[in-house]
Amino acid sequence: MIEIEGITKRYGETTVVKDVSLTIAPRTVTVIVGTSGSGKTTLLRMINRLVEPTSGTIRLDGEDNRTLPGFELRRRIGYAIQGHGLFPHRTVAQNIATVPTLLGWDRARIDAKVAELLTLFQLDPAAFGPRYPHELSGGQQQRVGVARALAAEPKVLLMDEPFGALDPIIRAKAQDDLLAIQKHFETTIVLVTHDMEEAFHLADRIAVMDKGEVVQYATPAEMLVKPATPFVESLIGAGERPFRLLAIETVADAVEPGAAEGEAISSTASQREALSALLWSGRKALPVIGPDGAVIGKVSLEGLAQRAAGPA
Amino acid sequence: MLRLPNLIRLLAFAVLIAFLTQPQWFEPLLRPLVQQNAPAIYNQGSLLQLTLLHLRTVAIATAGATVVALALAILVTRPSGAEFLPLSRSLVNIGQTFPPVAVLALAVPIFGFGEKPTLIALFLYGLLPIFENALTGLTTLPPAIMEAARGTGMTGRQRLMKVELPLAMPVILAGIRLSVVISLATATIGSTVAARTLGEVIIAGLQSNNLAFVVQGGLIVAVLAVLIHDGLQAAERRLGSRVGR
């Protein structure tokens, strides 16, 4: 649980973050979105005290984050940034071992953790551990950056545009991997991005920041249906709203009784994918198969159209 | 494995060792440079011993300059020491602008003849390249890496030792290399105040109008400078490829 209470940050005359209060539930993904200069990165960096707030408090699991010295606090909080920030003079294994080494873990425990994380990120420990970061592709470097942030098993992971430098295909894969890893470690993730697509894909809750203030803090569905301000609306993009609405729900929620012809779709796919398949194949309905492969009903063009409609 | 440039370096090193240990082998080569009856090979001391003393003087002066310049550069790149940057800059600049000969002239009355004034002159002269390079190396580190170092919870000292110095090392080494090469050449003037360096050979040649002495003293210094320069540069490159600069 992260409780941000009345946080303000001023640099001289300019107020970068203005009286922000947010409560972030444990084991969730919260995405902070906003344009550049909205104060979203500053807000993130105040959680692990890379930036000290001018006023206000931040509590992690009820404890004020100023009770520990900054460097000790940061060893307990994962931090991944755009462009990965890997240490170029250290091997992949040494990079991942950074925080455990600082914490004084014994060799065997560090080695086991490094191997576990590399395997989890689909990098062969024997092949990648001894390499230097510049010998890796962009996507691999990014994965190592996240692995380093998770090495000391932090309860909280802060990410500042972690996928910003990746091409679209690798980015989509990295986002899915992140969600899988979040489930695996039950980490509380706070992620900053300016990419709405990314926000809707990853977030349990989204905080929209504008000129240093949080203008809306809501679940993706709420935000789509009831954008708090015209700014939020423009950020979502009026033309994208029905599709985003479909994208955040799975086919399982839209299943209707009945049968349909042709190729089936999995109930775990998003409704947007179902719509896309319907339009592309020119059918009115698709059969839906459950996780066990049995047909559990159909999803229809009409049904999806209703679900995509905003409030009257 | 042995490419041409390295082959030439190896050859130069072999010739240098041969010349220092068995100078009489080279007498026929130098003979045409001297007048009748004059010695063609330096005969007022061992060339090998002078070379070793020369190298020792340079090593001590550069080591001292490295310690002081690096310490200053580290100090002024810490937040608490930033205000000393202009002062440190002026100090090392004065060290560089003051001609070594003038330093010798001023130091002799205080420290007497011998090695000390030379060490002081070389030390002052060597500060600037090391200081400026260390400063450049420590202030141009990639921001993402510095951010990551703070974000992983390293203390200021850990960031310096584990990240900043290793990453800046190739640039710092380049400064030390410059300083060493300058000192190797400059050390010869130490012999004007009776420091035992290869300058003795050159000065003896000038005094007795013996061109062979001047040539052999000059060549030994030149070959030393080239070999040490290349050796240090190879070390830098090795480090540089590691840190991806």
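J.: Would you explain the overall build of chain A in this entry?
T.: The number of helices and strands found in chain A is 14 helices and 13 strands. Here the C-alpha atoms of chain A give a radius of gyration of 22 Å, agreeing with the 20 Å that 2.2 N^0.38 yields for 312 residues. The principal-axis extent of the C-alpha atoms belonging to chain A is close to 60 × 50 × 30 Å. Expressed as a percentage of its 312 residues, the buried residues of chain A come to 50%. Restricting the contact set of chain A to residue pairs at least 6 apart, pairs at least 24 apart contribute 61%. Summed over its atoms, the accessible surface of chain A is roughly 14100 Å², and 53% of this surface lies on carbon and sulfur atoms.

J.: Help me out: how do you make sense of the interface of chain A and chain B in this one?
T.: By a widespread convention, an interface's size corresponds to the accessible area lost as its parts come together. With 21 residues of chain A at the contact, the number on the chain B side is 19 residues. Across the chain A-chain B interface, the total number found is one salt bridge. The closest approach of N and O atoms between Glu147(B) and Arg45(A), which form a salt bridge, is 2.3 Å. The interface formed by chain A and chain B holds seven residue pairs in polar contact (both at pLDDT 80 or more) in total. Secondary-structure elements contributing two or more residues to the side of chain A that touches chain B are helix H2 (70-76), strand E6 (77-81) and helix H4 (98-102) of chain A. For the side of chain A that touches chain B, a count of residues per class yields eleven nonpolar, four polar and six charged.

J.: It is not clear to me how the packing of aromatic side chains should be interpreted in this structure. Could you clarify?
T.: For any pair of aromatic rings, geometry is given as the distance between the ring centres together with the angle between the planes. Scanning the entire structure with this criterion turns up two aromatic pairs over all chains. Ring centres of Phe19(B) and Phe26(B) lie 5.1 Å apart, and the angle between their planes is 70°; on these two criteria the pair is classed as edge-to-face. Judged by its relative accessible area of 17%, Phe26(B) falls in the buried class. Residue placement shows Arg109(A) over the ring face of Trp105(A); its charged tip is 3.6 Å from the ring centre. The side chain of Arg131(A) reaches across the aromatic face of Phe128(A), ending 4.5 Å from its centre.

J.: In this structure, what is going on with the sheet that holds E6(A)? I would like to understand it.
T.: Strand pairing in a sheet relies on backbone hydrogen bonds, with the paired strands running either antiparallel or parallel. All names here are of chain A. Strand order in the open sheet formed by six strands is E6-E7-E8-E3-E9-E10, with mixed pairing between adjacent strands. Edge positions in the open sheet fall to E6 and strand E10 (213-218), since each of these has one partner strand only. Going across the sheet, the axis of each strand differs from the next one's by a mean of 15°, ignoring polarity. Note that strand E3 (residues 29-34) and strand E9 (residues 205-210) share five bridges and pair parallel. Paired with Val-33 across the strands is Val-208, a residue of E9. Where helix H8 (residues 168-185) meets the sheet, its contacts fall on E3, strand E7 (156-160) and strand E8 (188-193), and the angle it forms with E8 comes to roughly 155°.

J.: Mind showing me how you'd approach the pattern of salt bridges here?
T.: In the structure shown here, the tally under the stated rule is 25 salt bridges over all chains. Note that Arg177(B) is salt-bridged to Glu236(B), the shortest N-O span being 2.7 Å. Residue Arg177(B) is located in helix H8 (residues 156-186), and its partner Glu236(B) is located in helix H10 (residues 211-243); the two are separated by 59 residues in the primary sequence. On the basis of relative accessibility, which here comes to 10%, the residue Glu236(B) falls in the buried class. Linked by salt bridges that have partners in common, Glu197(A), Glu240(A), Arg244(A) and Arg272(A) make up one network.

J.: What exactly am I supposed to notice about unusual backbone geometry here?
T.: In most cases, non-glycine residues show a negative phi, while peptide bonds are predominantly trans. Residues and elements named next belong to chain A. In this structure, Asp-19 takes a positive phi of about 45° despite not being glycine. For Asp-19, the position within the fold is in strand E2 (residues 14-24). Within the chain, Asp-61 stands out as a residue other than glycine whose phi angle is a positive 50°. Relative to the helices and strands, Asp-61 resides in the loop between strand E4 (55-60) and strand E5 (63-64).

J.: Explain the pairing of E4(A) here, please?
T.: The side chains of a regular strand alternate between both faces of the sheet. All names here are of chain A. Where strand E1 (residues 2-11) meets E4, five bridges bridge the pair, whose relative direction is antiparallel. Bridge assignment links Ile-4 to a residue of E4, and that residue is Ile-58. Where E4 lies against E5, two bridges are found, and the strand directions are antiparallel. Considered in E5, the bridge of Leu-60 is made with Glu-63. Counted between consecutive antiparallel strands, the loop separating E4 from E5 contains two residues, among which Asp-61 sits at a positive phi close to 50°.

J.: What am I meant to see in the nonpolar core here?
T.: Considering soluble globular proteins, one finds that nonpolar side chains tend to be buried as a cluster. All names here are of chain A. If you look at the biggest cluster of nonpolar residues, it comprises 50 residues, and the most contacted ones within it are Ile-96 and Leu-178. Take this core: its biggest share by element is five residues, from helix H7 (residues 138-150). Ignoring sequence-local partners within four residues, the contact set of Leu-178 consists of Val-146, Leu-157, Met-159, Phe-163, Ile-189, Leu-191 and Leu-202. The next biggest cluster of nonpolar side chains, apart from the first, holds 37 residues, and it includes Ile-4, Ile-47, Ile-81 and Leu-102.

J.: Teacher, can you tell me more about the sheet that holds strand E12 (residues 285-289) of chain A here?
T.: Residues and elements named next belong to chain A. Pairing is mixed across the open sheet formed by three strands, whose spatial order is E11-E12-E13. Sheet topology places strand E11 (265-266) and strand E13 (295-300) at the edges, where each strand pairs with a single neighbour. Where E11 and E12 come together, two bridges link them in parallel fashion. Across the sheet, the residue bridging to Ser-266 is Ile-289, located in E12.

J.: Would you mind showing me how to read the packing of helix H13 (residues 271-281) of chain A against helix H14 (residues 301-308) of chain A here?
T.: Each pair of packed helices can be summarised by the angle the axes make with each other and by the distance between the axes. All names here are of chain A. Relative orientation of the contacting elements H13 and H14 amounts to 135°, with a least axis distance of 10 Å. Accordingly, the angle class assigned to the pair H13 and H14 is oblique. Crossing of H13 over H14 shows left-handed handedness. Between H13 and H14, the contacting residues are Gln-271, Ala-274, Leu-275, Leu-278 and Leu-279 on the first element and Leu-301, Leu-304 and Arg-307 on the second. Partitioning the contact of H13 with H14 into residue classes produces six nonpolar, one polar and one charged.

Criteria and cut-off values
Residues numbered from 1 in each chain as written. Chains lettered and ligands numbered in written order. Predicted model: local features only at pLDDT ≥ 70, side-chain atom pairs only at ≥ 80, totals over all residues. Heavy atoms only, no water. Helix = DSSP H or I, 4+ residues; strand = E, 2+ residues; numbered from the N terminus. Rg over C-alpha atoms; globule rule 2.2 N^0.38 Å. Buried < 20%, exposed > 50% of the residue type's maximum accessible area, 1.4 Å probe, protein only. Contact = heavy atoms within 4.5 Å. Areas by Shrake-Rupley, 256 points an atom, 1.4 Å probe, with all protein chains shown as cover. Salt bridge = Lys/Arg side-chain N within 4 Å of Asp/Glu carboxyl O. Polar contact = N/O pair within 3.5 Å; in protein donor to acceptor, adjacent residues only side chain to side chain. Nonpolar A, V, L, I, M, F, W, Y, C, P; charged D, E, K, R; others polar. Phe/Tyr/Trp six-rings, centres within 6.5 Å; stacked < 30°, edge-to-face > 60°. Lys NZ or Arg CZ within 6 Å of the ring centre and 35° of its normal. Pairing = 2+ DSSP bridges. Axes fitted to C-alpha atoms, helices over the stretch in contact; angles between N-to-C directions. Core = buried A, V, L, I, M, F, W, Y, C linked by side-chain atoms within 4.5 Å. Parallel < 35°, antiparallel > 145°, perpendicular 65-115°, else oblique. Left-handed = near helix turned anticlockwise from the far one by under 90°.

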